[in-house]
Structures are given as structure tokens and as C-alpha cells.
Amino acid sequence: VKKPTGGRSSRQSNLLTENAVTRSLPGVNVELGYSGETFSSQEDHKTFQREEFEKQLVDMGLELEKEEDVYEVKQSGSVTEKISSLVSKILEPLHPQVEERQPKNIKHLSHTFSREKHHLLLGSGVYMAAYPLHDVSTSSSLLPHISVVSLLYEEWANYSVFFKYQPIGLVRKYFGEKIALYFAWLGLYTQMLIPASLVGVIVFLYGCATVDDNIPSMEICHPENNITMCPLCDQVCSYWKLSTACGTARASHLFDNPATVFFSIFMALWAAMFMEHWKRRQMRLNYEWDLTGFEDEEVSEVKDRKCNCLSFQMEKLTYQDRLPAYMTNVVMMLLMIGVTFATVFGVIFYRISTKAALHMSSNPVTRSHVQLTVKTTAAIINLVVILILDEVYGAVARWLTVLEVPKTDKSFEERLIFKTFILKFVNAFSPIIYIAFFRGRFVGRPGSYLYVSESYRMEECAYGGCLMELCIQLSITMLGKQLIQNNLFEIGIPKLKKLLRYIQSKQGAVPEEERQKKLQRYETDHFLEPFAGLTPEYMEMIIQFGFVTLFVASFPLAPLFALLNNIIEIRLDAKKFVTELRRPVGARAKDIGIWYNILRGVAKVAVIINAFVISFTSDFIPRMVYQYKYSQEGSMHGFVNHTLSFFNVSHFQEGSEPLDQLHLGYPVEICRYKDYREPPWSNTPYELSKEFWTVLAVRLSFVIVFQNVVMLMSDIVDWLIPDIPKDISVQIHKEKILLVDLFMKEEQGKVRNLEKREREQGGQDVYPGDFVHFIIHL
């Protein structure tokens, strides 16, 4: 297009006049248009070219929207703002060195385009490559002369800045909103673990400080304690002294004390606070990223995962078409859960057989450490099985989801997440649930034990209870998954795959130095690991959230271990995204999707599980019942003897009595076992006593009261904390007023132009009612 010689001054004048227009509302200043600077000849020529280009787009039927309107958010001088400013100055060293050009009180005014007009829009990112490359050589728009990747690596993907906040804005600009939301959620979750860790450490220290004052453990450890206990297994196990359980009893007190009840309530409220804080944080990010009016739009395309291409569904699948796939899903899910239960029973048989074998050992040291050896090795075996089955279940869940042929990518992702979560959750927590709620519950009693396969006697808990073994299983599983699966695998596997791709690449017989010089950016990125989505990242954190909340009554140090892991996890994931993975295609999202509902479900289940752990797994309820109902002094003296029943050794089943009757140096006629049963000399020997039913009634009552009180408190927290921060709500309201004002003024201008053309052509006038109707519809 030839540049005209005339009209330059008039066009420039119009631009300057338009740029000088300002609008103001209470608390908000609006500036429209350009900066108002004097245009040089070259700049004016570029402006003219843009105008001609846009004019031709409009002539072809496209509608354009300019994102050039900003408004200034004026800060009030209230006490709250002053306190906020003071806190910001204190926390300034924790912020990354990423300076935004645009001031924080300046925001672009935008409006979501209507869904009906999407066919008029150019596709998002049409000028970008289908597979975006890492932006190594491009200067950042935030800090000139520094590449975005270098800035992210220095201020985000670096272990030396673990104490700083994440540059979420920069992550969003480089990776997109969906990935930025994950890291924002992970950062808030890690921050919220700090108070939970502090309280957990205090609870643990309380147990350490009061262990010497715990009367039941003092009675067990007393040297004059001559209580003879019944054998823990048939034949090869012999009678034993209760005083030998001194170490276990003292260790159990560290995790089984009155403070753990308080900690369970605290963690339930903590989970509710975390959910509410995330909703507020998410809403603030939506506002800052102009996502408040954004809706996830699904395209009716089916993605072929095998060939990584898009294929359109030619015929709509009916329910009969999908029924075989649904039936396959149900059967396979039940089969996989059955496999998990089978592995749990396999470990149970390992413990039973190993315990019997170690008791037959001639080494006294081996016999004295049977319980610790069996518990630890069984927990390690469970961990290995869990790690292996996790990989299998992930592949099975993807295969089952492909069979269903979901209509959209979003539906595919949600179904895959749900199946994977169910399988991995059952896999991770089945051994823990068995120890917490089933072990020692169905063993029978001396003289009438229950057997599996007519030869394996059901496991029973030691006198200190199963809580200590639950703590061992939980800690080994949690730490093992974090150290091996979440960290070692995430570091080692991508590097190994990168090395294999590099070796297998067809570079020809070119010297290494020449090869490195000739490599382009896309060739270098090809050696990186493909981005497989955020599902594995979310999944490991959700499982960790389960460890932190579900059985926190038995392991108050779980939040501390989770915090230490996440401090490393954030930087590890950041480094993986920046240096180990191919740059993913940016995707918009306004929330974390189905993961939020899963989190809420886990938090609700945690209340129920902790109520049952406190009530049935720990000795909190029996101690409380004894102190306030059966104790003559209102103290815990005599509690140990109260919880032990009597058994006449002559009533053993044939073939189950100990082979070594004189193991303690004297013949045993009466032995004791932990249960509430009538003595052998009563009218109803070995029947459940009234103390058993009293304790059971209190346990069930505690579960009901605990659940309702904690859930009520969680609902109160949910009600007290608004989902949308007040300042964000006010600004959204002001933006709506501004948008209505802008729309009305623009439409008024269109109406005036239309009236002018009608008058020039002698046509009919435009009635004001038509315009009013249009505005209402808008």
C-alpha cells in the first residue's frame, strides 16, 4: 500500500485526541489508548500499516478486540493496608528477584469474548510452533538481556532459593496458566504445612517429656512386675514376661497420648483452612490473570493416544456400544483391587511364618528382637510392592480409559485421574488400614484361636498395641515413596531416557564438537523427556496429603516429613520443567479441576479414620474409662492389670501348647492376655465381660461425637472465610461498571454514526428504543 502524502497531520491529531481521553470512577482511574507521545515518521508509518491491515481484516468479516485499556487501583489508607505494606516489606527478602515492568496497581481491562463468536477469532497462538521450544536465546520481556529460562533457573529451579516464594507470574507467562496453578497450589500447600509441622513436633515433644510420668508404662517396666503372658504363637512361642515389652510401651506413648486427640482435631481444621485459603488464592490468581470470565471449553474431538493425532468421531457411540468397555472397566478395577488385597495377605503370611521361624532360632539375640525384625522387614516388603504396583496401575488405568473412548480431552483426563487415584490410594493405604483396624481384632483367645488355612494363627498385637506398628508402617511407606518414587525416580529416569534418546539419535559420523555446534534448538529439545501431563505430579501430592491427614493420630511427625520433602519437591519439579522436559504447550485453566474435589473427599474421610484410630487402635478410650469409672483413686494406677484377662494353660487346644514349658524356669499354670473376658473360675469362663461392653459403647460414642464436632467446626471455618477476597470482589465490581460504561459509550457512538448516515441518505431515524433494547440484551 502506497503511503499517502497528505492526511498525516489529521490522522496523528485524531490519535492524540483519542489517547487523551480518560475516564474516572471512585477509587479507579482509567486510561484509554496509547501513551500520547509524539510519533516519529517511522512510527507513524507503522501505525498506518497496522490500520490498513486491521481494516482489511474487518472487511473480510473478522471482528477485532484491542487489549489496550488499563486502570489504576488506588490504595486506601486504612490500617489494614498499612499493616499489609509493613508485612510486605518484612517479607521482601523472600520474594524472587523478578521485577515486573508494569506496576502492581496497574491492570488491563479486559472482557471475555462471547462463545458464539469464536468462529470469527484467529486460533490461539497461530504464530507459534506446534511444539514450542525452550526460550533460551530470546530476551525476556520482564528483564531485558536475560532469557526467560535463565531467569527461571536462577530464581525458581535452584535449590539455593528454597526459602523464597516462587515467581508464579513468570511461570505462567512461560508455561501457561495450567502449570502455574499447579505450582501455586503446591506452594500454598507447602506453606500451610509449616504450622502443621510445628504443632506436630510439639505433640511429639510432649510425648517425649511425659513418657517417664506415664503410669501404665511405668507399671510395665517395673522390675518387680512378674506378670506372665500367654504365648504369641503356637508351639514354638513360649510364655514371656510383660516387663520385656517395656521398650514398646514407652515408644507407644510417644504417639499415643492425650495430645494426639488434640492434634487430630487441629489437622481436620487445618485441612479445612487449607481448602479455603486455596479457593481465595485461586480466585486472586484468576483476577490477576484475567480468568474471571474464562470457561473451560471442550472440543468434540477424540484424541487418538496411540498415533498422537486427532480423529473426529464419525458416528455417535450409543450406550450399547460403550457397555463392553464399562463392564471391562468394572471387572479390571475389582481385579486390581483384589491383587492389592492379595499382596497384603501375602505379607501377613510372611510375618506369621517368619515370626515362627525366628522363635525357633538358637540365637538368643535373634529371639529377643523377633517383633522388631518382622515389623521392619514386612514394612519394607510392603513398600517395594506398592512401588511396583503403582507403575502397573498407572498403565492399567490409562488402558481402561482409552477403552471408554471419552468424548473430550477433559473427560479423558478426569476419568483417568479417578481410576488412577482409586487404584493407587487402595495400593498405598491397604497395609496401613489392615494394621489399624483389622490386626488383633479377630484373633480369638487362648484355647480358642482363629486360624487361616487351618494352620496360620491370626496375628495379634503386642501389649503396647498396634499403634506402634502402624507408625512404623506409615513412616516407612511415606518416606520410601517420597525418597524413592517421588525424588529418585523423577531425577534418574528422565536423565536415563534423555541419554538413551541421545545415543539412539541419527546424527551421522560427525565429531562430537562439530555435532554440538550444528545442533539447533529443536534438535536439543528433542533429547528432552516429553511432557506427560500434571497427573503424576498431582497424584504424588494427593497421596502425601492422605498420609498427612488420614492417620495423623498415629504419626504426628508426618507433616514435618511432608514439609521437608515438598521444599525439595518444588525446586526438583521446577528444575525438571526447565531443564529435563520439553516445553509443554501452554494451556489456560482457572482451577485445578477434579483434584480439588478429591482433596475435599480425602479431608472428609480423614475425620472419620482419625476418629476410629483414636477410638479403636489407641488405648485412649480404655484409659479414660478406667480412670473415670473403675479406678478407686481416679488415677491410672492398676490400669495394666485391669486390661489383662486370665487363662488356665490346661485349656490350650491340643497341639497349640508351648513346646518349652519351662522357658521361664518354672511351670506356668495361669497366663495373662490382653482382653476383657471373664476368668476361668467364673460361672461364664472366657466370655466377654461387662467392661468390654462399657468400653465398646464409649468407643462408638466417641466416634460419633468426634466426627460431628470436627465436621461442624470445619463447616464453620468454611462459612467464616469467604471464597473471594473482599478487595478482589470490589475490583471485579468496579471492572463491570467500567465495562458497561465503555460498551454504552461505544454503542452510543455507533448509533450517532448510524443516525448521521441515515440523515445523509434521507432514510429513517433510529429510535432510541432500539438502542435501549440492545443494551439490555448485551
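Residues numbered from 1 in each chain as written. Predicted model: local features only at pLDDT ≥ 70, side-chain atom pairs only at ≥ 80, totals over all residues. Heavy atoms only, no water.

Visitor: Is there a simple way to explain unusual backbone geometry in this structure?
Guide: Glycine aside, a negative phi is what most residues show, and trans is what most peptide bonds show. The residue Val405 is not glycine, and still its phi comes out positive at about 50 degrees. Tracing the backbone through its elements, the reader meets Val405 in the loop between α12 (370-404) and α13 (409-437). (Helix = DSSP H or I, 4+ residues; strand = E, 2+ residues; numbered from the N terminus.)

Visitor: What is the right way to look at helix α19 (residues 594-617) in this model?
Guide: A turn of α-helix holds 3.6 residues, and therefore any two residues three or four places apart point the same way. End to end, α19 covers 32 Å across 24 residues, agreeing with the expected 34 Å (1.5 Å per residue, within 8%). Counted residue by residue, α19 has 17 buried out of 24 residues, so it is predominantly covered. (Expected span 1.5 Å × (residues − 1). Buried < 20%, exposed > 50% of the residue type's maximum accessible area, 1.4 Å probe, protein only.)

Visitor: What's the story with the packing of aromatic side chains in this structure? I'm lost.
Guide: Aromatic rings considered in pairs are described by the distance between their centres and by the relative angle of their planes. Here the structure, examined in full by the defined rule, presents 38 aromatic pairs. Ring geometry for Tyr182 versus Phe183: centroids 5.0 Å apart, planes at 70 degrees, classification edge-to-face. Relative to Phe652, the ring of Phe647 lies with its centre 5.0 Å away and its plane at 65 degrees, an arrangement referred to as edge-to-face. Here the basic side chain of Lys629 rests over the ring of Tyr630, its NZ or CZ set 5.6 Å away from the ring centre. A cation over an aromatic ring shows up here: Arg672 above the ring of Phe646, its NZ or CZ 3.7 Å from the ring centre. (Phe/Tyr/Trp six-rings, centres within 6.5 Å; stacked < 30°, edge-to-face > 60°. Lys NZ or Arg CZ within 6 Å of the ring centre and 35° of its normal.)

Visitor: Sorry, what's going on with the state of the cysteines here?
Guide: Cysteine pairs can be linked by a disulfide, which is a covalent bond between their two sulfur atoms. All told, the structure shown has 2 disulfides when counted by the stated rule. Linked covalently through their sulfurs, Cys221 and Cys246 form a disulfide whose S-S length is 1.8 Å. Taking the sign of the S-S torsion, 100 degrees for the link of Cys221 and Cys246, the bridge is right-handed. In this pair, Cys221 is assigned in helix α7 (residues 215-221) and Cys246 in helix α8 (residues 246-255), connecting sequence segments 25 residues apart. Residue classification places Cys221 among the partly exposed positions, given a relative accessible area of 24%. Across the disulfide, Cys230 is cross-linked to Cys671 (sulfur-sulfur distance 1.9 Å). Across the S-S bond of Cys230 and Cys671 the torsion is about 85 degrees, and the bridge reads as right-handed. (Disulfide = S-S within 2.5 Å.)

Visitor: Teacher, can you tell me more about the environment of Met360 here?
Guide: One can find Met360 in the loop between α10 (319-359) and α11 (364-368). Considered as a pair, Met360 and Val236 are 124 residues apart in the sequence and their alpha carbons are 6.1 Å apart.

Visitor: I'm lost on the confidence of the model for the protein chain in this one. Help?
Guide: Low-confidence regions, as indicated by low pLDDT, have predicted coordinates that should not be scrutinised in detail. Confidence along the protein chain averages 77 in pLDDT terms, with 78% of residues attaining 70 or more. The low-confidence segment residues 1-39, where pLDDT is below 50, has 68 contacts with residues more than four positions distant or belonging to other chains. Within the model, the stretch residues 115-129 combines pLDDT values under 50 with 9 contacts to residues more than four positions away or in other chains. (pLDDT = per-residue confidence, 0-100. Contact = heavy atoms within 4.5 Å.)

Visitor: Where do I start with the nonpolar core in this structure?
Guide: One recurring pattern in soluble globular proteins is that nonpolar side chains are buried together. Membership of the largest hydrophobic core comes to 110 residues, with the highest contact counts inside it found for Leu152, Phe175, Trp185, Tyr189, Trp270, Phe274 and Phe551. Tallying contributions element by element places helix α6 (residues 177-210) first for this core, with 16 residues. Discounting chain neighbours no more than four positions away, the residues touching Trp270 are Tyr189, Met192, Leu193, Ala196, Phe545, Val548 and Thr549. (Core = buried A, V, L, I, M, F, W, Y, C linked by side-chain atoms within 4.5 Å.)

Visitor: Could you clarify how one ought to interpret the pattern of salt bridges in this entry?
Guide: Close approach of charged atoms allows side chains with opposite charge to pair. Taken as a whole and judged by the stated rule, the model has 21 salt bridges. Here the residues in one salt-bridge network are Glu276, Lys279, Asp718 and Asp723, joined through shared partners. (Salt bridge = Lys/Arg side-chain N within 4 Å of Asp/Glu carboxyl O.)

Visitor: Before we go on, may I ask you to explain the layout of surface pockets in this structure?
Guide: Any empty space left between atoms is shown by rolling a water-sized probe over those atoms. Put simply, the second largest pocket is a space of about 1000 Å³. In terms of lining residues, the second largest pocket is bounded by 41 residues, among which Gly440, Arg441, Lys674, Asp675 and Arg699 are the most central. Contributions of two or more residues to the lining of the second largest pocket are made by α13, β9 (444-445), α19, β14 (670-674) and α22 (690-720). By residue number, the principal contributor to the lining of the second largest pocket is α22, which donates 4 residues. Looking at the lining of the second largest pocket residue by residue, the classes come out as 25 nonpolar, 6 polar and 10 charged. (1 Å grid on protein atoms, 1.4 Å probe; cavity = no way out; pocket = protein on both sides within 12 Å on 5 of 7 lines; lining within 4 Å. Points joined across faces, edges and corners; volume = space filled by probe spheres on them. Nonpolar A, V, L, I, M, F, W, Y, C, P; charged D, E, K, R; others polar.)

Visitor: Which parts of the structure should I look at to understand the packing of helix α9 (residues 258-288) against helix α17 (residues 535-549)?
Guide: Each pair of packed helices gets described by two things: the angle between the helix axes and the distance between those axes. Axis separation between α9 and α17 bottoms out at 10 Å; the angle between their running directions is 145 degrees. Between α9 and α17, the residues in contact are Met267, Trp270, Ala271 and Phe274 and Phe545, Val548 and Thr549, respectively. Tallied by class, residues from the contact of α9 with α17 come to 6 nonpolar, 1 polar and no charged. (Axes fitted to C-alpha atoms, helices over the stretch in contact; angles between N-to-C directions.)

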